[in-house]
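Descriptive analysis of the structure
For reference, the chains in residue letters:
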Amino acid sequence: MQIDGLAAIVTGGSSGLGAATARRLAGAGAKVAVLDVNMDQAREVAGEIGGLAIECDVSSEENGEAAMKAARQAHGPARISVCCAGVSESRLMLGKDGPAPLAHHSRIVNVHLIGTYNICRLAAADMAECDPLPETGERGVLINTASIAGYDGPPGAISYNAAKAAVAAMCLPMSRELSRHAIRVMAIAPGMFETPMAQGLSQKYLDEMTAAIPFPKRFGDPAEYAALVETIVTSPMLNGETIRIDGGLRMR
Ligand SMILES: NC(=O)c1ccc[n+]([C@@H]2O[C@H](COP(=O)([O-])OP(=O)(O)OC[C@H]3O[C@@H](n4cnc5c(N)ncnc54)[C@H](O)[C@@H]3O)[C@@H](O)[C@H]2O)c1
């Protein structure tokens, strides 16, 4: 679908991959709502792109519903939803202090899996109310962020890996269910990208990861993730699949 004039929501849109996506979609003419828990940065990004900043913890049913309502009232129902909200906390399941608190696992799963599902169910409901677009017959597209960690299972982050694998696993059944509404569902599994999330990792780990990337031997630029989002939005045949964007990296 052509992006110009459409409403879009981007969760985690105040930083990293989400902020790059918000900028790219706005640059292509979309009316963008930035949903995030970090309101200072959300306002900054929204101000820069002429969009709307909305406070939202994606893992909360009430927050999600209120945020989607605010976005709808300002821009109309969104035909583009991109879920980038996320937290990355590595932790051993069985460390030297004993088993990890279950709350750690719940928190990671809540933000990534429950949060993505929460926004998808609400965004899909809004899209289903839209008329099909004349040029492609589609009503909208949901794009979620998985991770190559969900496939490769690097050690030290079982909760994150599992939540990301689940985001990828939701993609095909969600696309099948929503096909009757002419809504596409895609996911992107990034490798290593230069964002505040990656900046929290140790230099040793960053160097090892960079060395392990076949080509190009560098971290991805968030703008490259955003360019893939635009390709997905504008390519009606892309549906029900998770695309790796990782320079060929396989984590160990
Ligand atoms: N950077 C990478 O190398 C990389 C690799 C693979 C996957 N990812 C995934 O890409 C997504 C974006 O990551 P990033 O690197 O841009 O990170 P980031 O830290 O720059 O941005 C994440 C954003 O999500 C927001 N957020 C966190 N919890 C939230 C919640 N409960 N509700 C709403 N917003 C919330 C944060 O405030 C932040 O603005 C994440 O899902 C991450 O797991 C990133």
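For the structure, check the block above.
Residues numbered from 1 in each chain as written. Predicted model: local features only at pLDDT ≥ 70, side-chain atom pairs only at ≥ 80, totals over all residues. Heavy atoms only, no water.

Focus: helix α9 (residues 222-233)
- Its twelve residues give α9 an end-to-end C-alpha distance of 17 Å, which sits within 8% of 16 Å, the value for a rise of 1.5 Å per residue.
- Those residues of α9 that fall on the buried side of the exposure criterion are Pro222, Tyr225, Ala226, Leu228, Val229, Ile232 and Val233. Take α9 and look down its axis: the buried residues cluster within an arc of 155°, on one side only.
- On its buried face, α9 sits against α1 (16-27), β4 (80-83), β7 (140-145), β8 (183-190) and β9 (241-245).
- At the N-terminal end of α9, a side-chain oxygen is found 2.8 Å from the backbone nitrogen of Ala223, two or three residues along, and the residue is Asp221. (Helix = DSSP H or I, 4+ residues; strand = E, 2+ residues; numbered from the N terminus. Expected span 1.5 Å × (residues − 1). Buried < 20%, exposed > 50% of the residue type's maximum accessible area, 1.4 Å probe, protein only. Arc of directions from axis to C-beta. Contact = heavy atoms within 4.5 Å. Polar contact = N/O pair within 3.5 Å; in protein donor to acceptor, adjacent residues only side chain to side chain.)

A word on the layout of surface pockets
- Taken as a whole, the second largest pocket encloses approximately 220 Å³ of empty space.
- As for the second largest pocket, its lining consists of 13 residues, and the residues nearest its centre are Arg121, Ala124, Met174, Glu177 and Leu178.
- Among the secondary structure elements, those contributing two or more residues to the lining of the second largest pocket are α4 (102-128) and α6 (158-178).
- With six residues, the top contributor of residues to the lining of the second largest pocket is α4.
- Each residue belonging to the lining of the second largest pocket can be placed in one class, and the counts come to ten nonpolar, one polar and two charged. (1 Å grid on protein atoms, 1.4 Å probe; cavity = no way out; pocket = protein on both sides within 12 Å on 5 of 7 lines; lining within 4 Å. Points joined across faces, edges and corners; volume = space filled by probe spheres on them. Nonpolar A, V, L, I, M, F, W, Y, C, P; charged D, E, K, R; others polar.)

What to know about the sheet that holds strand β1 (residues 7-11)
- Pairing is parallel across the open sheet formed by seven strands, whose spatial order is β3-β2-β1-β4-β7-β8-β9. Whereas interior strands pair on both sides, the edge strands pair on one side only; in this sheet they are β3 (52-55) and β9. Strand after strand, the sheet turns through a mean of 20° between neighbouring axes, direction not considered.
- Sheet topology places β7 next to β8; six bridges connect them, and they run parallel. (Pairing = 2+ DSSP bridges. Axes fitted to C-alpha atoms, helices over the stretch in contact; angles between N-to-C directions.)

A few points about the site of the ligand
- Around the ligand, the surrounding shell holds 29 residues, and the nearest of these are Ser15, Leu17, Asp36, Tyr160 and Thr195.
- In this structure, an oxygen atom belonging to the ligand sits 3.4 Å away from a main-chain N or O atom of Ala85.
- Gly86 is positioned such that a nitrogen or oxygen atom in its backbone is 3.3 Å from an oxygen atom of the ligand.
- Contact with the protein chains hides 92% of the accessible area of the ligand, taken as 830 Å² for the molecule alone.
- When contributions to the shell around the ligand are tallied by element, the ones reaching two or more residues are α1, α4, α6 and α7 (196-199). (Near = heavy atom within 4 Å. Areas by Shrake-Rupley, 256 points an atom, 1.4 Å probe, with all protein chains shown as cover.)

A short note on the packing of helix α3 (residues 61-75) against α4
- Where α3 contacts α4, the axes come no closer than 10 Å and their chain directions differ by 35°. For α3 against α4, the interelement crossing comes out right-handed. Two secondary-structure elements touch here, α3 through Glu61, Gly64, Glu65, Met68 and Arg72 and α4 through Asn118, Ile119, Arg121, Leu122, Ala123 and Asp126. (Left-handed = near helix turned anticlockwise from the far one by under 90°.)

Section: the nonpolar core
- Grouped together as the largest cluster of nonpolar side chains are 32 residues, with contacts concentrated most on Leu25, Val32, Ile80 and Val82.
- Looking at this core, the elements with two or more residues in it are β1, α1, β2 (31-36), α2 (39-49), β4, β7, β8 and α9.
- Excluding residues within four positions of it along the chain, Val32 makes contact with Ala8, Val10, Ala22, Leu25, Ala26, Ile49, Gly51, Leu52 and His75.
- Counting residues in hydrophobic clusters, the runner-up holds 28 residues, among them Ala78, Val111, Ala124 and Leu142. (Core = buried A, V, L, I, M, F, W, Y, C linked by side-chain atoms within 4.5 Å.)

Structural notes on unusual backbone geometry
- In the segment running from Phe215 into Pro216, the intervening peptide bond is cis, with an omega of -5°.
- Topologically, Pro216 is positioned in the loop between α8 (203-212) and α9.
- Look at Ala182: it is not a glycine, yet its phi comes out positive at around 60°.
- Locating Ala182 in the fold gives a position in the loop between α6 and β8.
- Taking the relative accessible area as the measure of exposure, Ala182 reaches 23% and is therefore partly exposed.

Digging into the environment of Met251
- Here Met251 lies in the segment after β9.
- Given a relative accessible area of 9%, Met251 falls into the buried group.
- In sequence terms Met251 and Pro155 are 96 residues apart; their C-alpha atoms lie 9.3 Å from each other.
- If sequence neighbours within four positions are ignored, Met251 has contacts with Ile148, Ala149, Asp152, Pro154, Met192, Tyr205 and Met209.

Some thoughts on the side chain of Thr145
- Here Thr145 is to be found in strand β7.
- A distance of 2.7 Å separates a polar atom in the side chain of Thr145 from a polar atom in the side chain of Tyr225.
- If near-sequence neighbours (up to four positions away) are discounted, Thr145 is found in contact with Cys83, Cys84, Lys164, Val167, Ile188, Pro190 and Tyr225.

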